[in-house]
Amino acid sequence: MALDFFELRREMLMEERAKRSRPDSVSVSQARAEPLQLPETCPLRKEKARVSPQRLDGLDVWYAPEFIDEDEENSLLSTLDPDESWVRVRGRSLLRFGGPAGSADFVLEPLPLFVASVADAASGFVGVCLNHCLVNSYAPGEGIMAHTDGPAYDHVTATLSCGQDRLVYFAKRLRPAQVGTPLDTGPVASVLLRRRSLLVFKNDAYIHHTHEIEPTKLEVVGTKAPCINLRLAEAHEGDQIPVVARRLSFTLRRAKAD
Ligand SMILES: O=C(O)CCC(=O)C(=O)O
Ligand SMILES: [Fe+2]
């Protein structure tokens, strides 16, 4: 049975609306400031068997093609399109669920049900209860500059991709002593993020590597760095992938809440 994200989203909106109409209701911002009562473990969906991500050569990176099915993908795309209050951040659009991780006054906020269901589906494979989600929306030609995900989270990221295939590049992060020295800092590997796939990276790939999606309208597989999931992504070196559609990615992590 497919996850009906649209239905979950609709229920969430109805619940929010109902809360607002109650005479003793608090404002949404107040409500969001309340501490989260998350169970210790996320209940995983048992209805759908999902293929566990497979380890890729050379990096602490795992990849699962077709982690969700087309119905689930369409449901996610239509749920978030286009009425949400997207924030424009450095050439892409962003939604945040779970609260301002890393800020001094961070309090974990509950994930809306439809995001929680994505987090739950990934949590079992990742080995931690994912409690935080950034949804990035990339129009053709948009990307995300090389960065690390930083210390506000456990050192593991799971990313569900929807809507458009893209390449992500991993490059070695410079140690402070290396800054300014002539080093080859180009990407060491790339992963083809097919629609509906789940990418997981952790430990060395999280801490000592940056990741980046180029602001391009044409992805060419394996030219700038070896593509380490060719087989799983059913791709070949030199494949050209025109970027014609919006890509939505769900970046799931476990925010440190203490
Ligand atoms: O869209 C992606 O796959 C990457 C997003 C990302 O790196 C982030 O939100 O930190
Ligand atoms: Fe990132």
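- The protein chain has the name Fe2OG dioxygenase domain-containing protein in an unreviewed UniProt entry, where Chrysophaeum taylorii is given as its organism.
- Taken from UniProt, the Sequence similarities (unreviewed entry) comment for the protein chain reads in full: "Belongs to the alkB family."
- Its UniProt record gives the protein chain a comment under Subcellular location (unreviewed entry), which states: "Nucleus".

Description of the sheet that holds strand β7 (residues 156-162)
So, step 1. Spatially, eight strands are ordered β1-β2-β10-β7-β14-β5-β4-β3 in an open sheet, and the strand pairing comes out antiparallel. Where the open sheet ends on each side, the last strands, each with one partner, are β1 (54-55) and β3 (87-89).
So, step 2. Where strand β2 (residues 61-64) lies against strand β10 (residues 198-202), four bridges are found, and the strand directions are antiparallel. Opposite Y63, over in β10, you have L199 as the bridge partner.
So, step 3. Seen against the sheet, helix α3 (residues 70-79) touches β7 and β14 (247-253) and runs at an angle of roughly 90° to β7.

Comments concerning the nonpolar core
So, step 1. Ranked by size, the top nonpolar core spans 33 residues in total, and within it V61, F170, V191, L192 and L199 carry the most contacts.
So, step 2. For this core, the elements supplying multiple residues, two or more each, are β2, β8 (166-172), β9 (187-193), β10 and α5 (203-207).
So, step 3. Apart from residues lying up to four places away in sequence, L192 is in contact with Y63, D165, R166, L167, V221, C227, N229, A233, A235 and I241.

What to know about the site of ligand 1
So, step 1. Neighbouring ligand 1 are 13 residues; N136, Y138, H211, R247 and S249 lie closest to it.
So, step 2. At a separation of 2.9 Å, an oxygen atom of ligand 1 approaches a polar side-chain atom of N136.
So, step 3. At 3.0 Å from an oxygen atom of ligand 1 is found a side-chain nitrogen or oxygen belonging to H211.
So, step 4. For ligand 1, whose unbound accessible area comes to 300 Å², protein coverage reaches 94%.
So, step 5. Most atoms of ligand 1, that is more than half of them, are within 2 Å of grid points of the second largest pocket.
So, step 6. For the shell around ligand 1, the secondary structure elements donating two or more residues are β5 (132-138), β6 (144-147), β11 (209-213) and β14.
So, step 7. The dominant element in the shell around ligand 1, judged by the number of residues it contributes, is β14, at four residues.
So, step 8. Looking at side-chain class alone, the shell around ligand 1 contains four nonpolar, six polar and three charged residues.

Conventions and cut-offs
Residues numbered from 1 in each chain as written. Chains lettered and ligands numbered in written order. Predicted model: local features only at pLDDT ≥ 70, side-chain atom pairs only at ≥ 80, totals over all residues. Heavy atoms only, no water. UniProt positions renumbered as here; feature names shortened; annotations may be inferred. Pairing = 2+ DSSP bridges. Helix = DSSP H or I, 4+ residues; strand = E, 2+ residues; numbered from the N terminus. Contact = heavy atoms within 4.5 Å. Axes fitted to C-alpha atoms, helices over the stretch in contact; angles between N-to-C directions. Core = buried A, V, L, I, M, F, W, Y, C linked by side-chain atoms within 4.5 Å. Buried < 20%, exposed > 50% of the residue type's maximum accessible area, 1.4 Å probe, protein only. Near = heavy atom within 4 Å. Polar contact = N/O pair within 3.5 Å; in protein donor to acceptor, adjacent residues only side chain to side chain. Areas by Shrake-Rupley, 256 points an atom, 1.4 Å probe, with all protein chains shown as cover. 1 Å grid on protein atoms, 1.4 Å probe; cavity = no way out; pocket = protein on both sides within 12 Å on 5 of 7 lines; lining within 4 Å. Sits in = over half its atoms within 2 Å of the grid points. Nonpolar A, V, L, I, M, F, W, Y, C, P; charged D, E, K, R; others polar.

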